[in-house]
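Chain residues, written in single-letter form:
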Amino acid sequence: MRTPHVVAVMGVAGTGKTTIGPLLAARLGVPYAEGDDFHPPANIAKMSAGHPLDDADRWPWLDAIGAWAHGREGRGVVSCSALKRAYRDRLRAAAPGLVFVHLTGDRQLIEDRMSHRRGHFMPTALLDSQFATLQPLEADEAGVAVDISGSPEEITARAVRALDALPGLTPQ
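Quantities reported herein were computed from a predicted structural model and do not represent experimental measurements.

What about the sheet that holds strand 6 (residues 143–147)?
Turning to step 1, where the next piece is worked out: The strand order 3-4-2-5-6 describes an open sheet built from five strands, whose pairing is parallel. The sheet terminates laterally at strand 3 (32–33) and strand 6, the two strands that pair on one side only.
Turning to step 2, where the next piece is worked out: Bridging between strand 2 (residues 6–10) and strand 5 (residues 98–104) involves five bridges; their strand directions are parallel. Each residue of the ladder has a partner; that of Ala8, found in strand 5, is Phe100.
Turning to step 3, where the next piece is worked out: Along the sheet face, helix 7 (residues 152–165) touches strand 2, strand 5 and strand 6 and points at about 155° away from the line of strand 6.

Right, dumping it as structure tokens:
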């Protein structure tokens, strides 16, 4: 199996970043970090109240995730929505070897999954703002899109196969 320096599991809320991230890290044998843990309390409060974050809210959060990725000595998985190209560029500026796994799926499936989550601060009402903000990976960005249909284990296996097929990754 091959692995990049650090993998960022990205996508809109409800795609399963927090579920797939640890499974992927376990499969790759690397540390995992939950991106939501890098949010300052003000961000959590804002989203909990049903207000989307703006870029000024996101920059410190992205910088903290980038610092974590940079400090991994080339090995790790972190979840992070990374919805805009500018956010991914900022993360790559801190951790140049970063590769993205973009979890993608049908909006209805994602909304259904979100509505069944318990104890998460992100309300389903913000899903539209997430999709409005989303800029999918571009051809010049290191990463793969992975469909979220199926079980977490199937999604993780799909992600591992897609990462393994990326050119330029080194054997583990």
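Some details on the packing of aromatic side chains
Turning to step 1, where the next piece is worked out: One pass over the structure, following the stated rule, counts one aromatic pair.
Turning to step 2, where the next piece is worked out: On the numbers, 5.6 Å between centres and 85° between planes, the contact of Trp59 with Tyr87 is edge-to-face. Taken together, the positions of Trp59 in helix 3 (residues 55–70) and Tyr87 in helix 4 (residues 85–94) put the pair 28 residues apart, joining distant regions of the chain.
Turning to step 3, where the next piece is worked out: For Trp59, a relative accessible area of 25% corresponds to the partly exposed category.
Turning to step 4, where the next piece is worked out: On the accessibility criterion, Tyr87 (1% relative accessible area) is buried.

Each value, and the rule that gives it
Residues numbered from 1 in each chain as written. Predicted model: local features only at pLDDT ≥ 70, side-chain atom pairs only at ≥ 80, totals over all residues. Heavy atoms only, no water. Pairing = 2+ DSSP bridges. Helix = DSSP H or I, 4+ residues; strand = E, 2+ residues; numbered from the N terminus. Contact = heavy atoms within 4.5 Å. Axes fitted to C-alpha atoms, helices over the stretch in contact; angles between N-to-C directions. Phe/Tyr/Trp six-rings, centres within 6.5 Å; stacked < 30°, edge-to-face > 60°. Buried < 20%, exposed > 50% of the residue type's maximum accessible area, 1.4 Å probe, protein only.

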